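Now for the letters of each chain:
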Amino acid sequence: NSPLISFSPLPRSFSSQGVNLVSARDEGQLVFLEGLKSYTSLLFSQTPEADSHNPLRFLRTGADLRPLYDFIYGALAPSAGEEWKSPALIVDDVSLLISLGVTPLQILDFIHYCRAGICHQLQGDVVCLVHREEEDEDGEVLLRALCHQSGLILQAEGLTTGFCKDVHGQLTITHQQHQDRSTIYQYKIQDKNVSFFAPGLSAAVL
């Protein structure tokens, strides 16, 4: 039993790709924190009592992200008598916190505590999605710092040659623990899966 917590809404596309997240949630293997729902609730809340239970209440007070960390650790920590193996935290995506006024330093402190609690104490994993935007200094600082801390980096980007109906993009996988060794694949997103192949070896080309 490997518990998982995700910040994003339930993505329906996963069901079509053979991963039924709704079923996983119903069975207690998956916990969702829907950021938009929590933020909207905080925005229109009129009572301090409602705010006290909101994991995003730090956005109102300008304080650190401790309430969010407490929610995550509480969701992933096994109860008495339970044995969970390799819990995972997926943040989709951490760049949105910057747009909400959270500083890169606050985000990095939050990720540091998540790694300490989840990776080291619970022997799990932390996965963060970061969008890279041009002329975004805060985003660039965040991205570089997270890359420096990560053991595995997956960089997805479009083709430099432009649009192609048979190749949708390129994925670079970098193993930080193996002297920054990188492997490059190209991919095509299909209805029920994703096909990966070496550059220039698409079935349409061959």
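This one's a predicted model, so the numbers in the text were calculated from it and none came from an experiment. (Residues numbered from 1 in each chain as written. Predicted model: local features only at pLDDT ≥ 70, side-chain atom pairs only at ≥ 80, totals over all residues. Heavy atoms only, no water.)

K.L.:
What exactly am I supposed to notice about the overall build of the chain here?
P.N.:
Check the secondary structure of the chain and you find nine helices and eight strands. Looking at the chain as a whole, 31% of its 206 residues qualify as buried. By sequence separation, contacts in the chain at least 24 residues apart represent 51% of the contacts at least 6 residues apart. Here the chain displays about 13,300 Å² of accessible surface, and carbon together with sulfur accounts for 52% of that area. (Helix = DSSP H or I, 4+ residues; strand = E, 2+ residues; numbered from the N terminus. Buried < 20%, exposed > 50% of the residue type's maximum accessible area, 1.4 Å probe, protein only. Contact = heavy atoms within 4.5 Å. Areas by Shrake-Rupley, 256 points an atom, 1.4 Å probe, with all protein chains shown as cover.)

K.L.:
What exactly am I supposed to notice about the side chain of Ser 38 here?
P.N.:
Along the chain, Ser 38 turns up in helix 3 (residues 35–43). When its relative accessible area of 13% is taken as the criterion, Ser 38 is described as buried.

K.L.:
Would you mind showing me how to read a nonpolar patch on the surface here?
P.N.:
Judged by side-chain polarity, Tyr 185, Ile 189, Val 194 and Phe 196 come together as a nonpolar surface patch covering roughly 350 Å² of accessible area. Among the elements of the structure, strand 7 (181–189) and strand 8 (194–197) are those that each provide at least two residues to the nonpolar patch. Within the secondary structure layout, Phe 196 lies in strand 8. (Patch = residues over 30% accessible without salt bridge, like charges linked within 9 Å, V, L, I, M, F, W, Y side chains within 5 Å. Salt bridge = Lys/Arg side-chain N within 4 Å of Asp/Glu carboxyl O.)

K.L.:
What am I meant to see in the pairing of strand 6 (residues 169–175) here?
P.N.:
Along any regular strand, the residues point their side chains to alternate faces of the sheet. Counted residue by residue, strand 6 has five buried out of seven residues, so it is predominantly covered. Relative to strand 6, strand 5 (residues 152–157) runs antiparallel, the two sharing six bridges. Considered in strand 6, the bridge of Glu 157 is made with Gln 170. Here strand 6 runs beside strand 7; their pairing, made up of seven bridges, is antiparallel. When the sheet's bridge partners are listed, Leu 171 is paired in strand 7 with Tyr 185. (Pairing = 2+ DSSP bridges.)

K.L.:
I'm lost on the nonpolar core in this one. Help?
P.N.:
The biggest cluster of nonpolar side chains holds 26 residues, and the ones touching the most others in it are Leu 68, Ile 72, Val 94, Ile 107 and Phe 110. Of all the secondary structure elements, the ones that give two or more residues to this core are helix 6 (66–76), strand 3 (88–91), helix 7 (96–99), helix 8 (104–121) and helix 9 (137–149). Considering each element in turn, this core owes the most residues, six residues, to helix 8. (Core = buried A, V, L, I, M, F, W, Y, C linked by side-chain atoms within 4.5 Å.)

K.L.:
Help me out: how do you make sense of the sheet that holds strand 6 in this one?
P.N.:
Whenever strands of a sheet pair, they do so through backbone hydrogen bonds, lying parallel or antiparallel. Reading across the sheet, the four strands line up as 5-6-7-8 and stay open at both edges, with antiparallel pairing between neighbours. The two strands at the open ends of the sheet, each matched to only one other strand, are strand 5 and strand 8. This sheet shows a mean twist of 30° between the axes of neighbouring strands, independent of strand direction. (Axes fitted to C-alpha atoms, helices over the stretch in contact; angles between N-to-C directions.)

K.L.:
Is there a simple way to explain the state of the cysteines in this structure?
P.N.:
Two cysteines whose sulfur atoms are joined by a covalent bond form what is called a disulfide. The full count for this structure, using the stated rule, is zero disulfides. Cys 128 supplies the cysteine sulfur nearest to Cys 114, a cysteine that is in no disulfide, at a spacing of 7.6 Å. The exposure class assigned to Cys 114 is buried, which follows from its relative accessible area of 0%. (Disulfide = S-S within 2.5 Å.)

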